[in-house]
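Working through the structure, step by step
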Amino acid sequence: MPERARILIVDDVHENLHALMNVLRDDYAIVAATSGEKALELARRLPHPDLILLDIRMPGMDGYSVLAELKIDPATADIPVIFVTALADAADEARGLALGVADYITKPVNPDLLHTRVRTQLELQRYRRNPVLLDVMAHVPNGRTQSLLVVDDVPENIHELLEALKDTYRIQVANTGARALEIVNGPSPPDLVLLDVMMPGMDGYEVCRRIKATPAGNRIPVIFVTVVDAVSDKVRGFELGAADYITKPFDIDEVHARVRTHLELARLRRFLEDLVAQRTALLQVSEEKYRILAQRDSLTGLPNRALFAELLQHAVQHAERSATQFALLSLDLDNFKTINESLGHSRGDRLLVEVAKRLQGLMPESDTIARIGGDEFDIILERREGTPWVDLMAQRMIDALAKPIELDGQSIYVGMSIGIALYPADGTDPETLQSHADAALHQAKAQGRGVLRFFSPELSSRARSRLTLEADLRQAIERQELVLHYQPQIDLQTGRIVGLEALVRWQHPVRGMVPPGEFIAFAEESGLVVRIGDWVLQEAARQISAWTAAGLAPPQVAVNVSAVQLSRGHLLEAVQHCLAASGIAPQQLELEITESFIMLDRDRSLQSLAELKALGVRLSIDDFGT
C-alpha cells in the first residue's frame, strides 16, 4: 500500500484547524500547527510535508512571513503552499502569488473544492519529483506557444480575459458551446479551456461533458469561469471532469496562477502517458523476443523444457481429437557426466551441440526434439503412414550416437539410452506420459549402454524405489550404515595372503545388507560416489592403522576408486588427507582404478596416476566396488 501524502495545516483558530483536518484526515497524513513559528519547525523536520495549507491572518508571524521563510530555505522551497484565508482582495492574492504561493482557497472552505486543489498540487509535486520527468522541457517543441480556448457568450468577458492572457498564450475564442466543440475536435485543439457555465443553448456543463467524452478532449483541462458559486453546481462540474473553478468577478493574477498550474500538470501528464505508451510498445517487442529466447535452449537452439511442455500438451490434445497415436521418447547420453568432467565443460557443450544435430538429422522437419536439461533430450514422434514407427526410429538414434563424435581431432564415444511411453496405452495426460517415459529410461540405463526400453507398469514401482534409494543413500554416511568387508587377495602359486581388498557394503536399517550391484552404479550416476569413496578411503586407512598398531598389518589393502572420483579432480587431496590422518605408510594402500576412465582420456589419466604414484601408494586397474 503506498504511503499517504503528508499535509501540514497551519491556522491559529482551532475550529478552522479541526474543520480542515476532518475533511482531509481519511486520505492524508495530517500534521497541525497553530503558529507560524511552529509551522516552520514542522516543515523543516524530516520527513518534510508534501503540501502546506497556510492561513494568512495569524498573530505574530503571519502567513506571508511564513511563506517567505519557506521559499528562501532550500529544504522547504519546493513544498507547495496553498493559502486558506478569508481574504479575497486582489492585492492580497497578488502579494501571495508574488511570494510563490501555489494556490488560494477562500473561507468558508468547500470540501470538494479543497480536495480538488489539494489533489492537483500533490499530483503536480509528484510529477516534479519524478527524475524521469526532469528533462520534460526538452520534449516540448521549441517556440511553441501554448494555446487557450476562451468560451463565453458575453463579449465583455471574452475581451477581459483576452487582454489579460494574450501576451503569454495563443488565444482561441468561441461564443457558443457548439463552436467550442468544433475547435476542440479540430486540427489545432487548445491546451486548456476557460469555460463559462451559463450560456444559452448548450451550457458549460454539457460542453465539458462532450469535451471529456473525446479521446483528445480528455487530456485537455477545463476550468469553469463563472458567477455560479453554489456547492452543488461546483460538485456537478467536478463530476463531469472539470479541473477547477474561477469565480467571477475574477482576479487576473488568480487566473494566471490557475492556468499555469493546470497547463503544467496537463503537460506532465501527457508526457508521462506518451512515455508509458512508448515504453509499453518497446516492452511488448522485448517480451516477444524474451518469449522466444525463454522457450529455446541457448546452447542447441532446440525447444527447452518449458516449450516442450506446451508441445506435449498440444500433442495430447491433437491425438485425443483425431484418435491417433504418438510416442514420447526420453533420451539420456551414456557416461556424459564423466566425459564432461574429464574433457572440460566447453568441449562437453560442443558435444551436446553435435548430438542435437545428429538427432535433428534423423528428424529434419520435426520441431518436437527438445533439450530438457544437461544431457537429457525428449522427442515427440507421431505415427504416420509410410514412416518407421518408434522402435525403428529409436534404434536409428542409438546407432547414430554409437558412432564417434570428432572434437579437436579426438574421437569421443558417448552413446545413448532411450525410454519410450506410448499415447494412449501408457498415459493420456502429459504428466503421466513423462513419468512413464522417465521410468522406462531409468530401466534402460540400468540394463547397460545403448539400450531402448518401452514402459511397462512395473517400471513405475521401480522408479519409486529409485527415489527412495537415493534419499536413503544420501543419509547412509551420516547414519553410519556403510561398512567395509575385507576380501583376502591370494597368491595362487604359494597360497599365501598377499593383501586385502576393501569392499563397501550398505547395512540398510530396513532392507538389510544391500549388495554393491544395487547401489554403486546409482551412486556414480548421482555423484554420491564421491562422498562414499572419500569415506571408504578414510575408513580403510583407519583400519590399516589399527591393524598395524596391533601387529597384524597386512602387506597392503586395496581400495576401489571410480572414474567419477578421478574426474572430479580432488582424489589426490583425499588420499593425502587419509594418509596424514591415519599415519599409515603409503605403500600399505593400493588404489584400484576403473579401466573406463583410463580409456576415456589417456593424457589426463596418466597425469593423475603419476601424481598418485608420487605419493608412494600402489596402483592397479579393476572395476569399482565389486
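Refer to the structure printed above.
Analysis parameters
- Residues numbered from 1 in each chain as written.
- Predicted model: local features only at pLDDT ≥ 70, side-chain atom pairs only at ≥ 80, totals over all residues.
- Heavy atoms only, no water.
- Helix = DSSP H or I, 4+ residues; strand = E, 2+ residues; numbered from the N terminus.
- Buried < 20%, exposed > 50% of the residue type's maximum accessible area, 1.4 Å probe, protein only.
- Contact = heavy atoms within 4.5 Å.
- Areas by Shrake-Rupley, 256 points an atom, 1.4 Å probe, with all protein chains shown as cover.
- Pairing = 2+ DSSP bridges.
- Axes fitted to C-alpha atoms, helices over the stretch in contact; angles between N-to-C directions.
- Parallel < 35°, antiparallel > 145°, perpendicular 65-115°, else oblique.
- Left-handed = near helix turned anticlockwise from the far one by under 90°.
- Nonpolar A, V, L, I, M, F, W, Y, C, P; charged D, E, K, R; others polar.
- Core = buried A, V, L, I, M, F, W, Y, C linked by side-chain atoms within 4.5 Å.
- Arc of directions from axis to C-beta.

1. Side note on the overall build of the protein chain
Each helix and strand counted, the protein chain has 22 helices and 23 strands in total. Relative to its full complement of 626 residues, the protein chain shows a buried share of 48%. Restricting the contact set of the protein chain to residue pairs at least 6 apart, pairs at least 24 apart contribute 66%. Carbon and sulfur atoms make up 52% of the accessible area of the protein chain, which totals about 30700 Å².

2. Some thoughts on the sheet that holds strand β7 (residues 170-174)
Spatially, five strands are ordered β7-β6-β8-β9-β10 in an open sheet, and the strand pairing comes out parallel. Pairing within the sheet leaves two strands with one partner each, and these edge strands are β7 and β10 (244-247). Between one strand axis and the next, the sheet turns by 20° as a mean value, whatever way the strands run.

3. Section: the packing of helix α11 (residues 305-322) against helix α15 (residues 430-446)
One can describe the packing of α11 onto α15 by two numbers: an axis separation of 10 Å at closest approach and a directional angle of 110°. By the criterion of interaxial angle, the relationship of α11 to α15 is roughly perpendicular. Where α11 crosses over α15, the two elements pack in a sense that is right-handed. Residues Phe-308, Leu-312, Gln-313 and Val-316 of α11 lie in contact with α15, whose contacting residues are Pro-430, Leu-433 and Gln-434. Its residues placed into classes, the contact of α11 with α15 shows five nonpolar, two polar and no charged.

4. What about the environment of Gln-480?
In this structure, Gln-480 sits in the loop between α16 (457-476) and β18 (482-490). Residue Gln-480 is classed as exposed on the basis of its relative accessible area, which comes to 70%. Separated by 26 residues in the primary sequence, Gln-480 and Trp-506 have C-alpha atoms spaced 9.3 Å apart.

5. Let's talk about the nonpolar core
Among the nonpolar cores identified, the biggest contains 40 residues, and Leu-473, Val-504, Trp-506, Leu-537, Val-575, Leu-589 and Leu-591 are the most heavily contacted of them. Element by element, the count of residues in this core is highest for helix α18 (residues 529-549), at nine residues. When neighbours within four sequence positions are excluded, Trp-506 is seen to be in contact with Leu-469, Asp-472, Leu-473, Ala-476, Glu-481, Leu-482, Gly-512, Met-513, Val-514 and Phe-519. Of all hydrophobic cores here, the second largest spans 33 residues; its members include Leu-302, Met-363, Ala-400 and Ile-412.

6. Considering helix α1 (residues 14-24)
Those residues of α1 not exposed but buried are Leu-17, Leu-20, Met-21 and Leu-24. Projected onto a plane normal to the axis of α1, the buried residues spread over an arc of 100° and lie on a single side. At its buried positions, α1 is contacted by β1 (6-10), β2 (29-33), β3 (51-54), β4 (81-85) and α5 (111-129).

7. Brief notes about the packing of α1 against α5
The N-to-C vectors of α1 and α5 enclose an angle of 70°; their axes lie 10 Å apart at closest approach. Between α1 and α5, the crossing angle belongs to the class labelled roughly perpendicular. Together, Leu-20, Val-23 and Leu-24 of α1 and Pro-111, Leu-114 and His-115 of α5 make up the contact between the two elements.

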